[in-house]
Amino acid sequence: MQDETTRALGRAIHHSLQHLDQLPYAPVGPTVDLATMRRRLLRPLGDGPLPAEQVIDELVADSAGGIVGSAGGRFHAWVVGGSVPAALAADWLTSTWDQNAGLYAAGPAAAIAEEATGAWVSELLGLPRQASFALVTGCQMAHATCLAAARNAVLRSKGWDVEADGLQGAPAIRVISGNQRHSSTTRALRLLGLGKNCVIDIPADDQYRLRPADLEAELRREPDRPTIVLLLAGELCTGSFDPFRELIPIAKKYNAWVHVDGAFGLWAAASARFRHLTDGVDLADSWATDGHKWLNVPYDSGFAFVRDNAAHLASMSSRESYLIYDGNARDQMDWNPEFSRRARGFAAYAAIRQLGRSGVEQLVDRCCDLALALVRGVGALPGAEIVWEPQINQGLVRFPDPAGLDDNAWTDKVIAAILASGEAFFGGTTWHGSRCMRVSVSNWRTTQAEVDRVIAAVENVLKRLES
Ligand SMILES: *Cc1c(COP(=O)(O)O)cnc(C)c1O
């Protein structure tokens, strides 16, 4: 006699395997509209209980057509990655075990798996061994975690204790960045009470990199102001890297804290072929990156690393008399913004164990090679042109209007038609004033055969639209 848990989990594994089996054949984009999704899922609140397996079956049926195929190999709109098998399975176990990974005492294995994961990621990315870390929900919260430590440290150096006195009356912090930075940095600064207007965005060069002379000129303008410098490893459209080896010593000369947004780009450091792009990144003070993008861990996986352990601890630690702390262990609550939290380390731990050092390197290399093949293949089609050839896993193409009227509108039209074909999912962006189609490859499931199929699909769309 099966109990309800067994039946519900049995349905879940059945539906999961069916979903994964169909990924190569199913349309990548949604096939139902908003009204249909609402009609199906916005049910009235139920009066009484339902059998768990019925809930699962109906959830799957109601969601049909509304699950984007981003777990598969033909999703190229954003860097979303997929899930390597061990990570997906460990993620299921994480829910089964249902640990509260805030304290060592509440989940010893979870705490130690995080210790291992933090050390492995740091090693793969070539970060300083002594850097403290936090496993957070994503790069957005990694920014918030790192920049809280940064705020703490730069104000402490001016004799201000932000943990005790907050920001009211504090010396004004200046944040300097290239204007190519990701919007999640702005939101982190807003969350931290610094506001978006504290940022001085310096126009980047034509490769989307911050110029050393520009950084120095800005620092020199107010040499004594508490300052955070934001640098980028992997710009959204081009995958560009700021020249860390030149920029960081300049920032250090002015006692600035250097934070690196490396959501996906930092993973280039795991590859012998691409590591040179991150040269000098280890000189920074804090680093934010993701597990759920290029490492192919399921969602809810980001990493924050901080060189100054004391600043990190001071900004996050929270102690309560009713909790149990272990003097020898690492209580995650001391390093994370959350109180109760998912034992998210297990999935990243499993991904790295499955791949190993060489597997991570091959994943990075393969995605870069396939991104290049995809951009070149699409770019070679009549009616398409390459705007940015990938240096890592990001590229740009555009579609000039055959009637010569409006290239931007035509490019958006082609992107929409590709999505409607179900064959691939791309997104648009405005780059140097013109609409482009972004091409990202970050999923371990993407193959050369799928890249060829996507190129053929784009070719068909172009032929159809032009006829
Ligand atoms: C995705 C991304 C972020 C935000 O990361 P989340 O994991 O979505 O919070 C920040 N910076 C860059 C460059 C990104 O690509």
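Structure: see above.
Quick notes on the rules
Residues numbered from 1 in each chain as written. Predicted model: local features only at pLDDT ≥ 70, side-chain atom pairs only at ≥ 80, totals over all residues. Heavy atoms only, no water. Salt bridge = Lys/Arg side-chain N within 4 Å of Asp/Glu carboxyl O. Buried < 20%, exposed > 50% of the residue type's maximum accessible area, 1.4 Å probe, protein only. Helix = DSSP H or I, 4+ residues; strand = E, 2+ residues; numbered from the N terminus. Pairing = 2+ DSSP bridges. Phe/Tyr/Trp six-rings, centres within 6.5 Å; stacked < 30°, edge-to-face > 60°. Core = buried A, V, L, I, M, F, W, Y, C linked by side-chain atoms within 4.5 Å. Contact = heavy atoms within 4.5 Å.

### Things to note about the pattern of salt bridges
Tallied over the full model, the rule gives 31 salt bridges. Put simply, Arg 221 and Glu 222 hold a salt bridge, and the shortest N to O gap is 3.7 Å. Note on Arg 221: relative accessible area 54%, which makes it exposed. The class of Glu 222 is partly exposed, set by a relative accessible area of 27%. Across the pair Glu 338 and Arg 344 runs a salt bridge whose closest N-O atoms are separated by 3.2 Å.

### As for the pairing of strand 9 (residues 394-398)
Where burial is concerned, most of strand 9 is hidden: five out of the five residues are buried. The alternating pattern of strand 9 places Gln 394, Leu 396 and Arg 398 on one face and Gly 395 and Val 397 on the opposite face, and all of these are buried. With three bridges joining them, strand 8 (residues 385-388) and strand 9 adopt antiparallel strand pairing. Across the sheet, residue Ile 386 finds its bridge partner in strand 9, namely Val 397. What sits between the antiparallel neighbours strand 8 and strand 9 is a turn of five residues. When strand 9 meets strand 11 (residues 434-440), the two strands line up antiparallel, connected through four bridges. Residue Gly 395 lies in a different strand from strand 11, and its bridge partner there is Val 439.

### Quick word on the packing of aromatic side chains
Taken as a whole and judged by the stated rule, the model has eight aromatic pairs. Note on Phe 133 and Phe 305: the rings are 6.3 Å apart at their centroids and 45° apart in plane angle, and the pair reads as tilted. Taken together, the residues span a long stretch of sequence, with Phe 133 in strand 1 (residues 132-136) and Phe 305 in strand 7 (residues 302-306) at a distance of 172 residues. An identical accessibility class is assigned to Phe 133 and Phe 305; each is buried. Each ring, one from Tyr 208 and one from Trp 431, has its centre 5.3 Å from the other, and the planes form 40°; the classification is tilted.

### Notes on the nonpolar core
Inside soluble globular proteins, nonpolar side chains tend to come together where they are buried. Ranked by size, the top nonpolar core spans 79 residues in total, and within it Trp 267 and Phe 399 carry the most contacts. Among the elements that line this core, the one with the most residues is helix 12 (residues 345-379), at 15 residues. Not counting the four nearest positions on each side in its chain, Trp 267 is found in contact with Val 121, Leu 124, Leu 125, Thr 289, Asp 290, Trp 294, Leu 295, Phe 303, Val 360 and Val 364. Counting 33 residues, the second largest nonpolar core, distinct from the first, contains Cys 139, Ala 142, Ile 173 and Leu 230.

Nothing here speaks to function; it is geometry throughout.
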